[in-house]
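Structural description and commentary
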Amino acid sequence: MSITELQALDALARVEAKRFPIHREALVALRKEQGRRFIGIVGPRGVGKTVILKQLAMETDRSFYGSIDTFKDVTLFEFAKVLFEKQGIRTLLLDEIHFQPGFDGELKKIFDFLPDVHVVFTSSVALALQQSAFDLSRRVRLIWLLPFSFREYVRFKEGVTLTRLTLDAVGHGKWTPEHMRYGYLFDEYLKGGLYPFSLTEPDPLSVLRSILDTVLQRDIPNVAKVTYQEVDLIRKALTFIGRSTVDGVNPTTIARNLGITRYKAVEYVDLLSKAFILIQVDPEGTNVLREPKILMQIPYRLLYRSWDDAIGAVREDFFATAMNMADMPFRYLKSTTGRKTPDFWLTTESGDWVVEIGEPGKGRTQFKGVRVERKMVLAHDADSRRNAKPLFMAGYLA
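Let me sum up the structure you'll find in this document.

Thresholds, definitions, all that
Residues numbered from 1 in each chain as written. Predicted model: local features only at pLDDT ≥ 70, side-chain atom pairs only at ≥ 80, totals over all residues. Heavy atoms only, no water. Core = buried A, V, L, I, M, F, W, Y, C linked by side-chain atoms within 4.5 Å. Buried < 20%, exposed > 50% of the residue type's maximum accessible area, 1.4 Å probe, protein only. Helix = DSSP H or I, 4+ residues; strand = E, 2+ residues; numbered from the N terminus. Contact = heavy atoms within 4.5 Å. 1 Å grid on protein atoms, 1.4 Å probe; cavity = no way out; pocket = protein on both sides within 12 Å on 5 of 7 lines; lining within 4 Å. Points joined across faces, edges and corners; volume = space filled by probe spheres on them. Nonpolar A, V, L, I, M, F, W, Y, C, P; charged D, E, K, R; others polar. Axes fitted to C-alpha atoms, helices over the stretch in contact; angles between N-to-C directions. Pairing = 2+ DSSP bridges. Right-handed = clockwise from strand over helix to strand, strands pointing away. Salt bridge = Lys/Arg side-chain N within 4 Å of Asp/Glu carboxyl O. Patch = residues over 30% accessible without salt bridge, like charges linked within 9 Å, V, L, I, M, F, W, Y side chains within 5 Å. Areas by Shrake-Rupley, 256 points an atom, 1.4 Å probe, with all protein chains shown as cover.

Structural notes on the nonpolar core
Most often, soluble globular proteins keep nonpolar side chains buried together rather than apart. By size, the foremost hydrophobic cluster in this structure holds 101 residues, and its most contacted members are Y189, I254 and L346. Element by element, the count of residues in this core is highest for helix α15 (residues 307-325), at eleven residues. Every residue in contact with L346, bar those within four places of it in the chain, is listed here: L167, F319, M323, M328, P329, F330, G351, D352, W353 and V355.

In C-alpha cells:
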C-alpha cells in the first residue's frame, strides 16, 4: 500500500474517532505520559485500543495513525523517516505492532536515529513484547488496557462516575447508596458487558467467539511459532478448562487430559494467559505443590457452559479478573483432604484479607482455623445482609 493510500486511512481514522466522544480512563493516563518517546498500549482484543489511538490522532498535532497490517511493502523505520523528513510527522500511532516482522528492531532504529519522533503503539499479545530480541524495557513505557471494570462499565452504560473503593471499605461495608444502586447491571456485565463492544452489540458472546478464533489462529501462531497441530491442542486445552470445575484444573490435569507433557501444558497455559484468556493464581504458602489454579477471564467460560451451569465458576473468574484490574496481588488457599478453606488470600498495606466467594451463610466452616483477622464472604446476591457483602463491590476497586 502506498503512502498516499495510508494517508487516506489516517484521515478516515480521525473521522471515525468523532464517533466516540466518551474517553476511557486509560486515555487520561496516556496524555500524562505523552512526554515519553515510546509508549505501548497492551491489552486484549476488543477493549478499545484502536479507538484510543484514533482519539489520540484527532487531538495530537503532526501525528499519523496506521494499522500495521496495512504496511506490506515498507519497513517501519523507512516509513517513519519519510513521514518525518517530508511531512514533519512527529508522532506515529501504530496499531497491532506485533504483526510487523522484526518490529522491535525497527522501533530501536527509530529510537536511535530519529530522536524527534515519538511512537505510541498497541499490541494484543503481551508475549510479543516479552520475547523481543531487543531490550525495549528501557525505551518503552507500557500501559495495560484491560476491559471495563464494573465501575467503568457503569460510567459508560449509565453516565455515572462512581468513586473507587478500597478492599477495606468493601470488607467493612463502607460504600455509598450509589455504589449499591447499580448492582442490577452485574449479571449483564458478567455476560460480556466488560467489553466496550457490548454497548452496541446485542450478542457480545458471538463477538468474543470470533476474537478467540483470531487469537488461536493468528495471534498465537504469529508470535509463538506453534504448529497448527499445537493450535488444535491449545483449543482442546481451553475446552477442557472451560467445561471443568475450577478446583480441578492445573497444568498436571491438563497434561493428563490432553495426553501431553506437563511442560507443554505449562507452555500452553502461559500463552493463553499472555493472550488475556486465562488467569493463573498461585497458591498461598510454601509447603504446597506450586501448581497454579487456572481460571478464565470473564466471560470466556460462557463459550463452553451455560450461564446456570457455569455461574459458580464465573464468580471466581470475576473476582480474579477484578483483582487483576485493581493490580491487587492475591493467591488461592489450597485445601487439604476433608477440610474446607476460603477461596483467596489477599495482602494489602493495611493487612491481610481472606475471601470466600459464594452465597450468604457460607464462610463459617471455611474460615475455621484460618488465623487472619480480616475475613469476608462475597455473595452474588446483592441484597444479602447476613455474613456477606455483594460480590459486585469488588468491581469498584479499579
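Quick look at the layout of surface pockets
In this structure, the largest pocket spans a volume of roughly 1,200 Å³. In terms of lining, the largest pocket is formed by 38 residues, of which the most central are W144, L146, N324, M325 and D327. Elements with a minimum of two residues in the lining of the largest pocket: α2 (25-32), α6 (126-130), β5 (140-144), α7 (150-158), α14 (262-274), β6 (278-281), α15 and β8 (330-332). Partitioned by chemical class, the residues of the lining of the largest pocket number 21 nonpolar, seven polar and ten charged.

A short note on the packing of helix α4 (residues 76-87) against helix α5 (residues 103-113)
At a minimum axis distance of 8 Å, the contact between α4 and α5 shows a crossing angle of 35 degrees. Every residue of α5 that contacts α4 at L76, F77 and A80 is listed here: E106, L107, K109, I110 and F113. Class assignment for the residues of the contact of α4 with α5 results in six nonpolar, no polar and two charged.

Regarding the sheet that holds strand β10 (residues 351-358)
If you trace the five strands from one edge of the open sheet to the other, you get β8-β9-β10-β11-β12, paired in mixed fashion. In this open sheet, the two edge strands, each paired with only one partner strand, are β8 and β12 (389-390). Bridge count for β8 against strand β9 (residues 344-348) is three bridges, and the pairing is antiparallel. Following the sheet pairing, R331 is matched in β9 by W345.

Things to note about the pairing of strand β2 (residues 63-67)
The buried count for β2 comes to five of five residues, which makes it a mostly enclosed element. Of the two faces of β2, both are covered, the one formed by S63, Y65 and S67 as well as the one formed by F64 and G66. Where β2 and strand β3 (residues 91-95) come together, five bridges link them in parallel fashion. Each residue of the ladder has a partner; that of S67, found in β3, is D95. For the crossover from β2 across α4 to β3, the handedness is right-handed.

As for the pattern of salt bridges
Proximity of charged atoms lets side chains of opposite charge pair with each other. According to the stated counting rule, one finds 22 salt bridges in the structure shown. Put simply, R24, E25, R151, E152, R155 and R164 are held in one network by salt bridges that share partners.

Quick word on the sheet that holds strand β1 (residues 38-42)
Strand order in the open sheet formed by five strands is β2-β3-β4-β1-β5, and the pairing between neighbours is parallel. Two strands in the sheet have a free side with no partner beyond their single neighbour: β2 and β5. Going from strand to strand, the sheet's axes swing by 15 degrees on average, the running direction of each strand aside.

Section: a nonpolar patch on the surface
On the surface, L9, L12 and V15 cluster together into a nonpolar patch covering about 250 Å² of accessible area. Looking at the secondary structure, you find L9 in helix α1 (residues 3-17). Assessed through its relative accessible area of 35%, L9 is described here as partly exposed.

Description of the environment of G105
With respect to the helices and strands, G105 occurs in helix α5. The exposure class assigned to G105 is buried, which follows from its relative accessible area of 15%. Distance from G105 to F77, taken between C-alpha atoms, is 9.1 Å for residues 28 residues apart in sequence.

Description of the side chain of D317
In this fold, D317 is placed in helix α15. Residue D317 is classed as buried on the basis of its relative accessible area, which comes to 1%. With sequence-adjacent residues up to four places away left out, D317 is seen in contact with I279, L295, M296, I298 and R301.

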